[in-house]
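Here are the chains, one letter per residue:
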Protein chains: 2
Amino acid sequence: MSRVYNFSAGPAVLPEEVLKQAAAEMLDYNGCGMSINEMSHRSKTFDSVIQTAEQDIRDLMNIPDNYKVLFLQGGASQQFAAVPLNLMKNGKAAYIITGQWAKKAYQEAQKYGEAIEVASSADKTFSYIPDCSDLPIPDDADYVYICENNTIYGTKFKTLPNTKGHILVSDVSSCFLSEPVDVTKYGVIYGGVQKNVGPAGLVISIIREDLITDDVPVYTPTMLKWKTQADNGSLYNTPNCWSIYMCGLVFKWLKAQGGLEEMKKRNEEKAAILYDYLDQSKMFKGTVRKEDRSLMNVPFITESDELNAEFIAEATKAGFVSLKGHRTVGGMRASIYNAMPIEGVRKLVEFMDKFEKERA
Amino acid sequence: MSRVYNFSAGPAVLPEEVLKQAAAEMLDYNGCGMSINEMSHRSKTFDSVIQTAEQDIRDLMNIPDNYKVLFLQGGASQQFAAVPLNLMKNGKAAYIITGQWAKKAYQEAQKYGEAIEVASSADKTFSYIPDCSDLPIPDDADYVYICENNTIYGTKFKTLPNTKGHILVSDVSSCFLSEPVDVTKYGVIYGGVQKNVGPAGLVISIIREDLITDDVPVYTPTMLKWKTQADNGSLYNTPNCWSIYMCGLVFKWLKAQGGLEEMKKRNEEKAAILYDYLDQSKMFKGTVRKEDRSLMNVPFITESDELNAEFIAEATKAGFVSLKGHRTVGGMRASIYNAMPIEGVRKLVEFMDKFEKERA
């Protein structure tokens, strides 16, 4: 067996220790004689799995007691509908458009009320984060919505927008658990886990309790009503037990590594290696305004599509895989999530440098 | 490691061969250097996984070309909303209420139009399937809805209802792939996979193409619109890749066993062992009208709650686990899905017989 360096934007690299433990427990979880894939979600064993996972993410993120943690299906795309369905009381919300996912959330919200674009970086292919210090947010807006780290374009909000007292809703899918956050600044934080946390098919929504109510439109599907999910401890129906279990193993791994402070340190170190190289390279260049660069997703290009393709092909052969940029933008993108070891980034840069020198 | 006999109603027992293969491939799927849990859902490798899974279930169920196979999130509970959202054009549908899940589907449909109860077995705690040969189905009903195998109560439609020319929609969650079916008799067949197929967090919906349209209410969440999912080959967003992979392994296993004809034979044989024992026992008795008995879920009781509890406790100690009946009905229930070996049923019956004789 030979493992590659996997720079996929998601689903993405997981800690090898976690995969090894999952393999070892596949036929018999914790001496119960069955796989985690085979047990009732209402069994004591699984109850312990989900409760422990919840406590561990609470510890990692320092989530206050007045926030619920929901383990849901349907990914961020389903929360794009759940957010307006659960939060639009005045039928109005402010969206900051920093990429494709923010735009999709904005379009979905238009089904349920007046979604207002209050800022956008579409003018420069979403290569920066707009100034959000004084946005025209309507007084009666129910919330302000952001996609905090933009996987496709490689930007990140380094400071949160001034919401002028409104609830902040943030999709953190691609920066989930990458650094400490102050949960109290948000009404809702949610993320698909398949980028920086665990296997696909699970979204974790962290929601301030007072925002979870029965006051939703009559046409809200039961599964999209947060109150249903919260009242049932995420077990209204059978959840994605495997992903909850795997995320739980990742939470334990994160704690053992030193928690989110340590992750931030490592992620900054890894990103610096790559960005520093890009900044001095004559062949490769980053596409994002420096102050808005993501620690997680690093897009870069060469002078031509042909050279991009050549680089990707050679990198793949050398064991650096999934470096192709998103199908909508092209170029390259290295996603360097928590589970990407620093050696992976160092070796990628060595490879890029060699590739560049050979063609100088 | 000591495996138990797992009679859970779902998530439920999986073939040991499948679990072993999954464990073996956990760090390196098919020589690609990464886990199935780590790879992009848009990679060639995963494309092959999902395409192969689709072809295999098409082969197993003999699904005609004019039916789409969708791999979706949210379980059957989410399809309870998707069915009326996608199918109610006249705003009217006929529901046959044979248990809690049919009832939940019926209640969800009331959000979107007129859901009419055309038959019910609630009068006798859902212990039988009502006569459905001549139901008062309105001419303009958009569809007739059934839950084909009732997990909690242990009943099964042995003949499909006379829909009087209307589209039949069937939730087959707990009898999925347990025997051959004539797909052409249905407009929609769907099932959560976590009972008889694979890990939780995936529902497979098999839908006649002409029923997949853009004509849905404006408030339909994108994720619940079948057309979105069909147009994107179930990859509108990141699906539950793990469960799709595991279901694919189960499909291969089913083919290797001889397909659904062979499964039917084995399931009839297993069920007969248990029902024959119940029919002659003086301590245990089945709760379902004989002609409506499920091959998958076998509920039974003794004369008292105390004796039920004692039996469950002793059975658990002896390695026969998850025999407790659903929390809403009590008693016992043995779920004997495809992956339950015949020895498991034989040994359970031996154990029940011994328990009975010791207390005679």
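Residues numbered from 1 in each chain as written. Chains lettered and ligands numbered in written order. Predicted model: local features only at pLDDT ≥ 70, side-chain atom pairs only at ≥ 80, totals over all residues. Heavy atoms only, no water.

What the rule picks out here adds up to 36 aromatic pairs over all chains. An angle of 80 degrees between the planes, with centres 5.2 Å apart, marks the rings of Phe311(A) and Phe355(A) as edge-to-face. Of the two residues, Phe311(A) is situated in helix α8 (residues 305-317) and Phe355(A) in helix α9 (residues 342-358); the sequence distance between them amounts to 44 residues. Neither Phe311(A) nor Phe355(A) differs from the other in exposure class; each is buried. Ring centres of Phe300(B) and Phe311(B) lie 6.2 Å apart, and the angle between their planes is 70 degrees; this geometry places the pair in the edge-to-face category. A residue pair is termed long-range when its members are at least 10 positions apart, and Phe300(B) in strand β12 (residues 297-301) and Phe311(B) in helix α8 (residues 305-317) qualify at 11 residues. One cation-aromatic arrangement involves Arg359(A) over Phe355(A); the distance from NZ or CZ to the ring centre is 3.8 Å. (Phe/Tyr/Trp six-rings, centres within 6.5 Å; stacked < 30°, edge-to-face > 60°. Helix = DSSP H or I, 4+ residues; strand = E, 2+ residues; numbered from the N terminus. Buried < 20%, exposed > 50% of the residue type's maximum accessible area, 1.4 Å probe, protein only. Lys NZ or Arg CZ within 6 Å of the ring centre and 35° of its normal.)

Residue and element names in this part refer to chain A. With numbering matched to this structure, UniProt assigns "modified residue: N6-(pyridoxal phosphate)lysine" (unreviewed entry) to Lys 195. Secondary-structure assignment places Lys 195 in the loop between β9 (188-192) and β10 (203-208). Judged by relative accessible area, Lys 195 falls into the buried class, the value being 13%. When sequence neighbours within four positions are dropped, the list of residues in contact with Lys 195 reads Ala 9, Gly 10, Ala 12, Thr 151, Ser 173, Ser 174 and Tyr 337. Side-chain polar atoms of Lys 195 contact the backbone oxygen of Ala 9, separated by 3.3 Å. (UniProt positions renumbered as here; feature names shortened; annotations may be inferred. Contact = heavy atoms within 4.5 Å. Polar contact = N/O pair within 3.5 Å; in protein donor to acceptor, adjacent residues only side chain to side chain.)

All right, on to the sheet that holds strand β10 (residues 203-208) of chain B then. Residues and elements named next belong to chain B. One open sheet accounts for 7 strands, arranged β2-β10-β9-β8-β5-β3-β4; its pairing is mixed. Two strands in the sheet have a free side with no partner beyond their single neighbour: β2 (67-72) and β4 (114-120). Within this sheet the neighbouring strands show an average axis-to-axis angle of 20 degrees, counted without direction. Pairing analysis gives 4 bridges linking strand β5 (residues 144-147) to strand β8 (residues 168-171), with the strands arranged parallel. Residue pairing across strands places Ile 146 opposite Ser 170, the latter belonging to β8. (Pairing = 2+ DSSP bridges. Axes fitted to C-alpha atoms, helices over the stretch in contact; angles between N-to-C directions.)

Residue and element names in this part refer to chain A. Pairing in this open sheet of 7 strands is mixed, and the strands run β2-β10-β9-β8-β5-β3-β4 from one edge to the other. The outermost strands of the open sheet, each flanked by one partner alone, are β2 (67-72) and β4 (114-120). Strand after strand, the sheet turns through a mean of 20 degrees between neighbouring axes, direction not considered. Pairing of strand β3 (residues 92-97) with β4 involves 6 bridges; the strand directions are parallel. Within the sheet, the bridge partner assigned to Ile 97 lies in β4 and is Ser 120. Contacts between helix α3 (residues 75-87) and the sheet are confined to β2, β3, β5 (144-147), β8 (168-171), β9 and β10, with β9 contributing the most and set at about 160 degrees to the helix.

With 193 residues, the main nonpolar core has Phe311(A) and Phe311(B) as its most contacted residues. Beyond its immediate stretch of four places on either side in the chain, Phe311(B) contacts Phe284(B), Phe300(B), Leu323(B), Met332(B), Leu348(B), Phe351(B), Met352(B) and Phe355(B). (Core = buried A, V, L, I, M, F, W, Y, C linked by side-chain atoms within 4.5 Å.)

Another aspect to go through is the UniProt feature "binding site: pyridoxal 5'-phosphate" (unreviewed entry) in chain A. Feature annotation in UniProt assigns "binding site: pyridoxal 5'-phosphate" (unreviewed entry) to the following positions: Ala76(A), Ser77(A), Trp101(A), Thr151(A), Asp171(A), Gln194(A), Asn237(A) and Thr238(A). Judged by maximum C-alpha separation, these annotated positions cover 163 residues in sequence and are scattered in space, the widest gap reaching 30.5 Å. When you line up the elements, Gln194(A) lands in the loop between β9 and β10. Here Gln194(A) is in contact with Gly10(A), Pro11(A), Ala12(A), Pro199(A), Ala200(A), Leu202(A) and Thr238(B), once residues within four sequence places are set aside. The topology assignment puts Thr238(A) in the loop between α5 (226-231) and α6 (241-257). What Thr238(A) contacts, discounting residues up to four positions off in sequence, is His41(A), Gln73(A), Pro11(B), Gln194(B) and Ala200(B).

Okay, the interface of chain A and chain B next. Quoted interface sizes are often the accessible area lost when the parts come together. With 62 residues of chain A at the interface, the matching set in chain B holds 62 residues. Between chain A and chain B, roughly 4,800 Å² of surface is buried when both sides are summed, and carbon and sulfur atoms account for 56% of that area. At the boundary of chain A with chain B, the tally comes to 2 salt bridges. One salt bridge in this structure joins Glu38(A) and Arg3(B), with 2.7 Å as the shortest N-O distance. Counting across the interface, chain A meets chain B through 29 residue pairs in polar contact (both at pLDDT 80 or more). Sorting the residues of the side of chain A that touches chain B by element identifies α1 (16-24), α3, α4 (100-109) and α6 of chain A as the ones contributing at least two each. With 5 residues, α1(A) is the single largest residue contributor to the side of chain A that touches chain B. Here the side of chain A that touches chain B is built from residues that sort into 30 nonpolar, 22 polar and 10 charged. (Buried area = accessible area lost by both parts, 1.4 Å probe. Salt bridge = Lys/Arg side-chain N within 4 Å of Asp/Glu carboxyl O. Nonpolar A, V, L, I, M, F, W, Y, C, P; charged D, E, K, R; others polar.)

Our focus in this paragraph is the packing of helix α2 (residues 44-61) of chain B against helix α6 (residues 241-257) of chain B. Residue and element names in this part refer to chain B. The geometry of α2 relative to α6 is characterised by a closest axis approach of 9 Å and an angle of 40 degrees between their N-to-C directions. Relative to α6, the element α2 lies oblique. Crossing of α2 over α6 shows left-handed handedness. On α6, the residues that touch Phe 46, Val 49, Ile 50, Thr 52, Ala 53, Asp 56, Ile 57, Asp 59 and Leu 60 of α2 are Cys 241, Ile 244, Tyr 245, Gly 248, Phe 251, Lys 252, Leu 254 and Lys 255. Among the residues forming the contact of α2 with α6, the class breakdown is 11 nonpolar, 2 polar and 4 charged. (Parallel < 35°, antiparallel > 145°, perpendicular 65-115°, else oblique. Left-handed = near helix turned anticlockwise from the far one by under 90°.)

Here chain A averages 97 in pLDDT, and 100% of its residues register 70 or above. Scored by ipTM, the complex comes to 0.98, with pTM at 0.98. (pLDDT = per-residue confidence, 0-100.)

It is worth spelling out the relation of the copies chain A and chain B at this point. For the pair chain A and chain B, the relating rotation is 180 degrees, the translation along its axis is 0.0 Å, and the fit reaches an RMSD of 0.0 Å. This pairing of chains is accounted for by a two-fold axis. For chain A, the smallest separation between a C-alpha atom and the rotation axis is recorded for Ala23(A), amounting to 2.2 Å. (Least-squares fit on C-alpha atoms with pLDDT ≥ 70 in both.)

Moving on, we come to the domain arrangement of chain A. Residues and elements named next belong to chain A. The domain architecture assigned to chain A consists of domain 1 (17-257) and domain 2 (259-358). On a C-alpha basis, the centroid separation for the pair domain 1 and domain 2 is 27 Å. Contacts between the two partners involve 27 residues from domain 1, matched on the other side by 27 residues from domain 2. With both sides pooled, the region where domain 1 packs onto domain 2 buries about 2,300 Å², and carbon together with sulfur makes up 53% of that total. Its largest share of buried area at the contact with domain 2, domain 1 owes to Ile 152, Pro 180 and Gln 257, together 21% of the area lost on that side. Connecting domain 1 to domain 2 are 0 salt bridges. At the junction of domain 1 and domain 2, the tally comes to 15 residue pairs in polar contact (both at pLDDT 80 or more). (Domains from an automatic or database assignment.)

Residues and elements named next belong to chain A. On inspection of all chains with the given rule, the structure shows 57 salt bridges over all chains. With its nearest N and O atoms 3.9 Å apart, the salt bridge here joins Asp 214 to Lys 227. Note that Asp 214 is positioned in the loop between β10 and α5 and Lys 227 in helix α5, a separation of 13 residues in sequence. It is possible to trace a salt-bridge network through shared partners that takes in Glu 310, Glu 314, Lys 354, Glu 358 and Arg 359.

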